[in-house]
Amino acid sequence: MDKILTANAEKYDQELQPYLPGTLSHYRASLKFSYDRAETIFSQSCAFCHGQNADGRGPEAKRLTIPAEDLTAIRTTRQYLYRIITAGVAGTAMAYFTIYDRYQLDDLMDYLNRKYQVLGPPEEVAAVISPQAWAQAQHTYEQTCSVCHGLDGRGSQLSQGLKPAPPDLTAYSLLPHRAFKVISEGYPGTMMPAFGELPQEVRWGLVRAVGLLRTETIN
Ligand code: HEC
Ligand code: HEC
């Protein structure tokens, strides 16, 4: 009995031999397909606003009153990113993409993460901030920023009516250079004001203060 089984197994092995390399390349082809899929989704559904390099400079960008975000500068969680993509940002051109299923969007998020680390941890502020500037930054956050962003960064009662509303800073942050720019210049077309008149060091302090609100873990 054993002998017959062994002989059969050998026969099958021989018969299968020619197909094995084919199976492998087929497997590689399907891997490539699933890899390409996210890239295709990005090119077709995101790039005309966010740009092929995701830096917010797509061909459509010039026509947007509220500019598309530089996606290379965002650091967030999978859950929050999924929500942005499927719910959009009310009051802006950022549409909701319910045409894609969860697998496709997971793929897209993995792709954005591979290329730009959007699901990576927030970055610490490298600038030197004196204790005085840090104190002023914290004071400014509590007195001014919190009116819209809330003391905990989740948004205030007042900001619920804003379109676009502030992002949830406990789950969503920007790289320091980008946060510095938005805090200094405001976000065009939105209620996010410019704070460029504050000393530079205080603005870096604000970048740090906002960064510390980020409590949601990475996933
Ligand atoms: C028609 C233009 C347009 C398209 C297409 C578009 N976006 Fe956006 N997107 C925007 C704009 C404008 C903003 C800025 C919204 C804001 O600042 O409130 C934005 C913001 C974002 C943000 C940051 C959220 C925030 O609060 O600013 C993410 C993440 C994002 N888009 C991802 C995507 C992905 C992924 C796609 C493709 C599936 C996509 N977008 C397609 C215009 C677009
Ligand atoms: C009057 C309301 C208001 C005040 C005051 C305010 N913000 Fe904002 N902020 C917003 C809104 C609305 C947005 C969302 C803009 C958008 O959709 O791109 C925002 C966005 C942001 C963002 C994220 C920007 C992005 O590209 O996603 C940061 C960081 C930020 N604010 C920091 C601050 C800091 C620091 C202060 C205080 C110095 C402050 N904000 C004061 C309304 C406000």
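The structure displayed is predicted, hence computed values, not measured ones.

Some remarks on the overall build of the protein chain
Piece 1. Looking only at helices and strands, the protein chain has seven helices and two strands in total.
Piece 2. Ordered by position from the N terminus, the helices and strands of the protein chain form the series α-α-β-α-α-α-β-α-α.
Piece 3. Within the protein chain, the proportion of its 219 residues that are buried is 39%.
Piece 4. A separation of at least 24 residues holds for 60% of the contacts in the protein chain among residues at least 6 apart in sequence.
Piece 5. Accessible surface, the protein chain as shown: approximately 13500 Å² in total, 57% of it carbon and sulfur.

With respect to the site of ligand 1
Piece 1. Ligand 1 sits among 23 residues. The nearest are Ser 45, Cys 46, Cys 49, His 50 and Met 94.
Piece 2. The side chain of His 50 places a nitrogen or oxygen atom 2.8 Å from a nitrogen atom of ligand 1.
Piece 3. Elements with a minimum of two residues in the shell around ligand 1: α2 (19-50) and α3 (78-87).
Piece 4. Per element, the largest residue contribution to the shell around ligand 1 is five residues, and it comes from α2.
Piece 5. Looking at the shell around ligand 1, its residues break down into 19 nonpolar, three polar and one charged.
Piece 6. Two domains each provide a minimum of three residues to the shell around ligand 1, namely domain 1 (2-116) and domain 2 (131-212).

Overview of helix α7 (residues 200-212)
Piece 1. For α7, which comprises 13 residues, the first-to-last C-alpha distance of 19 Å matches the rise-based estimate of 18 Å (1.5 Å per residue) to within 8%.
Piece 2. Those residues of α7 that fall on the buried side of the exposure criterion are Val 202, Arg 203, Trp 204, Gly 205, Leu 206, Val 207 and Ala 209.
Piece 3. The secondary structure elements touched by the buried residues of α7 are α5 (131-149) and α6 (176-185).

A short note on the coordination of the iron atom of ligand 1
Piece 1. Donor atoms from the polypeptide that bind the iron atom of ligand 1 are His 50 (NE2) and Met 94 (SD), placed at 2.0 to 2.1 Å.
Piece 2. Note that the iron atom of ligand 1 binds six donor atoms; their angles at the metal cover 88 to 179°, and the shape is octahedral. Of the two residues, His 50 sits in helix α2 while Met 94 sits in the loop between α3 and α4 (102-116), which places them 44 residues apart along the sequence.
Piece 3. A relative accessible area of 11% means that His 50 is categorised as buried.

A short note on the nonpolar core
Piece 1. Of all hydrophobic cores here, the largest spans 47 residues; its most connected members are Phe 42 and Leu 108.
Piece 2. When residues of this core are traced back to their parent elements, those giving at least two are α2, α3, α4, α5, β2 (172-174), α6 and α7.
Piece 3. Looking at this core, the element that brings in the most residues is α4, giving six residues.
Piece 4. Of the residues that make up this core, three or more belong to each of domain 1 (2-116) and domain 2 (131-212).
Piece 5. Residues contacting Leu 108, with those up to four places away along its chain left out, are Ala 38, Ile 41, Phe 42, Cys 46 and Ile 85.

A short note on α4
Piece 1. Helix length check: α4, at 15 residues, gives a terminal C-alpha distance of 20 Å against a target of 21 Å (1.5 Å per residue), a fit within 8%.
Piece 2. Every buried residue belonging to α4 is among Leu 105, Asp 107, Leu 108, Met 109, Tyr 111, Leu 112 and Tyr 116, and all of these are buried.
Piece 3. The residue sitting at the N-terminus of α4 and contributing the capping side-chain oxygen is Asp 101; that oxygen lies 3.0 Å from the backbone nitrogen of Tyr 103.

Examining the site of ligand 2
Piece 1. Glu 69, Cys 145, Cys 148, His 149 and Met 192 are the nearest of the 21 residues found near ligand 2.
Piece 2. Between His 149 and ligand 2, the recorded distance is 2.7 Å, taken from a side-chain N or O atom to a nitrogen atom.
Piece 3. Measuring from an oxygen atom of ligand 2, one finds a side-chain N or O atom of Tyr 172 at 3.4 Å.
Piece 4. Listed by contribution, the elements that provide at least two residues to the shell around ligand 2 are α5, β2, α6 and α7.
Piece 5. Ranked by residues supplied to the shell around ligand 2, first place goes to α5 with four residues.
Piece 6. Its residues assigned to classes, the shell around ligand 2 shows 17 nonpolar, three polar and one charged.

Rules used throughout
Residues numbered from 1 in each chain as written. Chains lettered and ligands numbered in written order. Predicted model: local features only at pLDDT ≥ 70, side-chain atom pairs only at ≥ 80, totals over all residues. Heavy atoms only, no water. Helix = DSSP H or I, 4+ residues; strand = E, 2+ residues; numbered from the N terminus. Buried < 20%, exposed > 50% of the residue type's maximum accessible area, 1.4 Å probe, protein only. Contact = heavy atoms within 4.5 Å. Areas by Shrake-Rupley, 256 points an atom, 1.4 Å probe, with all protein chains shown as cover. Near = heavy atom within 4 Å. Polar contact = N/O pair within 3.5 Å; in protein donor to acceptor, adjacent residues only side chain to side chain. Nonpolar A, V, L, I, M, F, W, Y, C, P; charged D, E, K, R; others polar. Domains from an automatic or database assignment. Expected span 1.5 Å × (residues − 1). Donors = N, O, S within 2.8 Å, 3.2 Å for Na, K, Ca; no water. Tetrahedral: all angles 85-135°; square planar, octahedral: opposite > 155°, others 65-115°. Core = buried A, V, L, I, M, F, W, Y, C linked by side-chain atoms within 4.5 Å.

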